[in-house]
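As a plain string of letters, each chain reads:
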Amino acid sequence: MPEVRAARRRRRLALRRTAAVVPTLVVGALLAPSAHATPANGPRNSGAVATGAAARVGNGGPTPTTWPGSGSVTTADAADVFGEDLSGLYQERGVLWGAQNSGKLWRLVPDGSGGWRPDTANGWTSGKALRFPGGSGSPDSEGVTLTGAGAAGGAFVASERNADASKTSRLSVLKYDIGGSGGTLAAAKEWNLTPDLPRVGANLGFEGITWVPDASLTASGFKDESTGAAYDPKRYGAHTGGVFFVGVEGTGMVYGYVLEDSGAHTRVASVKTGMAGVMELQWEPQASRLWVVCDDTCHGQHRTMRVDASGAFATTAVYDRPSGMPDLNNEGFAVAGSDACVDGSKPVYWADDSNDDGHALRRGSIAC
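Residues numbered from 1 in each chain as written. Predicted model: local features only at pLDDT ≥ 70, side-chain atom pairs only at ≥ 80, totals over all residues. Heavy atoms only, no water.

A. Just the overall build of the protein, in detail. The number of helices and strands found in the protein is 3 helices and 24 strands. By the burial criterion, 54% of the 368 residues in the protein qualify as buried. A fraction of 60% describes how many contacts in the protein between residues 6 or more apart in sequence connect residues 24 or more apart. Looking at the protein as shown, the accessible area adds up to about 13,600 Å², and 52% of this sits on carbon and sulfur atoms. (Helix = DSSP H or I, 4+ residues; strand = E, 2+ residues; numbered from the N terminus. Buried < 20%, exposed > 50% of the residue type's maximum accessible area, 1.4 Å probe, protein only. Contact = heavy atoms within 4.5 Å. Areas by Shrake-Rupley, 256 points an atom, 1.4 Å probe, with all protein chains shown as cover.)

Here it is in structure tokens:
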């Protein structure tokens, strides 16, 4: 129903505009590097609030090309399983993790028909409620990723605010131990990055998160913005063996952070994507590239980025959404691993935050 989707899109854009507090952006604040091992409760960045369309980076980069896979897209869930608000996705071989911005985490398993269903074991049937450390609050959980340790290393969730204080921005990465059977997960650790970043509207913050291994970054010649030199993981305390990249909806920026086990954090990258908003990030190890995804704000545009000769992430391609994909509110995107390649193609999945036509998950493909 295109007219219904168009009406929903107008409402979403109106809400994003009304979320604006100050319709200007201190551009210089975007690239100011954090100090090494900045404590989580460090001083607040004094830049103006970055919100709404006036704060967004305009479209730029290469000319968009057709989707690098089949134009065919199919639903990948049963009808009305998740409802609205399914956002971030991450595929770990035979498991698809989903973050729902009502403060819930899903563990999904194959449904036998090329799609996914909720895992019915260990308390995952209806997803698990997320809480901040100590069991308080309700994170507005927009993105999820794992590290090289897999599920055993915990799930890392990007949250833009506490739903119990929904008018206040709280740009956090939360770590959850996901091995138990309880129905509620309290974060084992929180890295509150709000003081280190330009301020944004409470509902225009973190939307996507992904993790890139240190080895991939050093091999590519990645430069650490906090030092101006080649990235050296040994400079930092114990961490996950990689860098977390988070995407900001309100500015279209992507930031890279070393999140230390101690709770300290250091910003090592500030990336202008050229997109009107960032809704999802995915690192694709097979191709050593970063996917940057926008929803219907950008008509479903996807970009890929790699580290260039200067040591910074730069756009390598801009793709239109698949021809068979309506202009949906896709806030989640997951790429299957190389093990899923068949005849030069592998699956990708999208999460539609609006649950259009009763489906939150869709499946397509890319070349591999």
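That shown, we press on.
B. A look at the state of the cysteines. Taken as a whole and judged by the stated rule, the model has 2 disulfides. With a sulfur-sulfur separation of 2.1 Å, C294 is cross-linked through a disulfide to C298. Because the torsion about its S-S bond is 65°, the bridge between C294 and C298 counts as right-handed. Side by side, C294 and C298 carry an identical accessibility label, which is buried. Disulfide pairing is shown between C341 and C368; the S-S distance is 2.2 Å. Of this pair, C341 sits in the loop between strand 22 (330-335) and strand 23 (345-352) while C368 sits in the segment after strand 24 (361-367), and the two are 27 residues apart along the sequence. Owing to a relative accessible area of 26%, C341 belongs among the partly exposed residues under this scheme. A residue is classified by how much of its surface remains accessible, and C368, at 36% relative accessible area, is partly exposed. Here the disulfide map of the protein reads 1-2, 3-4, the bonded cysteines being numbered as they appear in the sequence. (Disulfide = S-S within 2.5 Å.)

C. View of the packing of aromatic side chains. Overall, the coordinates contain 17 aromatic pairs when judged by the stated rule. Relative to F333, the ring of W67 has its centre 6.3 Å away and its plane inclined at 85°; by these criteria the two rings are edge-to-face. On the criterion of sequence distance, the pair formed by W67 in the loop between helix 2 (27-30) and strand 1 (74-75) and F333 in strand 22 is long-range, its members being 266 residues apart. Among the residues examined, W67 registers a relative accessible area of 7% and is labelled buried. Arranged with centres 4.9 Å apart and planes meeting at 85°, the rings of F82 and W106 form a pair that is edge-to-face. Taken as a pair, F82 in the loop between strand 1 and strand 2 (86-92) and W106 in strand 4 (residues 104-110) lie far apart in primary sequence, 24 residues in all. Each of the two residues, F82 as well as W106, counts as buried. Following the ring pairs from residue to residue traces out a cluster consisting of W67, W291, Y319, F333 and W350. (Phe/Tyr/Trp six-rings, centres within 6.5 Å; stacked < 30°, edge-to-face > 60°.)

D. Expanded view of the nonpolar core. By size, the foremost hydrophobic cluster in this structure holds 24 residues, and its most contacted members are F222, F245 and F313. Contributions of two or more residues to this core are made by strand 15 (242-248), strand 16 (253-259), strand 17 (265-272), strand 18 (280-284), strand 19 (289-293) and strand 20 (302-307). Among the elements that line this core, the one with the most residues is strand 17, at 3 residues. When near neighbours in sequence (up to four residues on either side) are disregarded, F222 contacts L217, A230, Y231, F245, V268, A269, V307, G311 and F313. (Core = buried A, V, L, I, M, F, W, Y, C linked by side-chain atoms within 4.5 Å.)

E. Local environment of the pairing of strand 23. Most of strand 23 is tucked away, with 7 of its 8 residues classed as buried. Sheet topology places strand 22 next to strand 23; 5 bridges connect them, and they run antiparallel. Opposite F333, over in strand 23, you have W350 as the bridge partner. As defined by bridge partners, strand 23 adjoins strand 24 across 7 bridges and the pair is classed as antiparallel. Considered in strand 24, the bridge of P347 is made with S365. (Pairing = 2+ DSSP bridges.)

F. Geometry of the pattern of salt bridges. Applying the stated rule across the entire model yields 11 salt bridges. Three or more residues are tied together by salt bridges with common partners; here these are D196, E225 and R267. (Salt bridge = Lys/Arg side-chain N within 4 Å of Asp/Glu carboxyl O.)

G. Spotlight on the layout of surface pockets. Within this model, the largest pocket holds a volume of roughly 530 Å³. If you go around the largest pocket, you meet 23 residues; those closest to its centre are Y90, Q91, E92, P285 and G337. Those elements giving two or more residues to the lining of the largest pocket turn out to be strand 2, strand 12 (206-213) and strand 18. Here the residues of the lining of the largest pocket sort into 8 nonpolar, 10 polar and 5 charged. (1 Å grid on protein atoms, 1.4 Å probe; cavity = no way out; pocket = protein on both sides within 12 Å on 5 of 7 lines; lining within 4 Å. Points joined across faces, edges and corners; volume = space filled by probe spheres on them. Nonpolar A, V, L, I, M, F, W, Y, C, P; charged D, E, K, R; others polar.)

H. The sheet that holds strand 22, seen in detail. Strand order in the open sheet formed by 4 strands is 1-24-23-22, with antiparallel pairing between adjacent strands. This sheet does not close on itself; its edge strands, each paired only once, are strand 1 and strand 22. For strand 1 and strand 24, the ladder comprises 2 bridges, and the chain directions are antiparallel. Counterpart to T74 in the pairing with strand 24 is R363.

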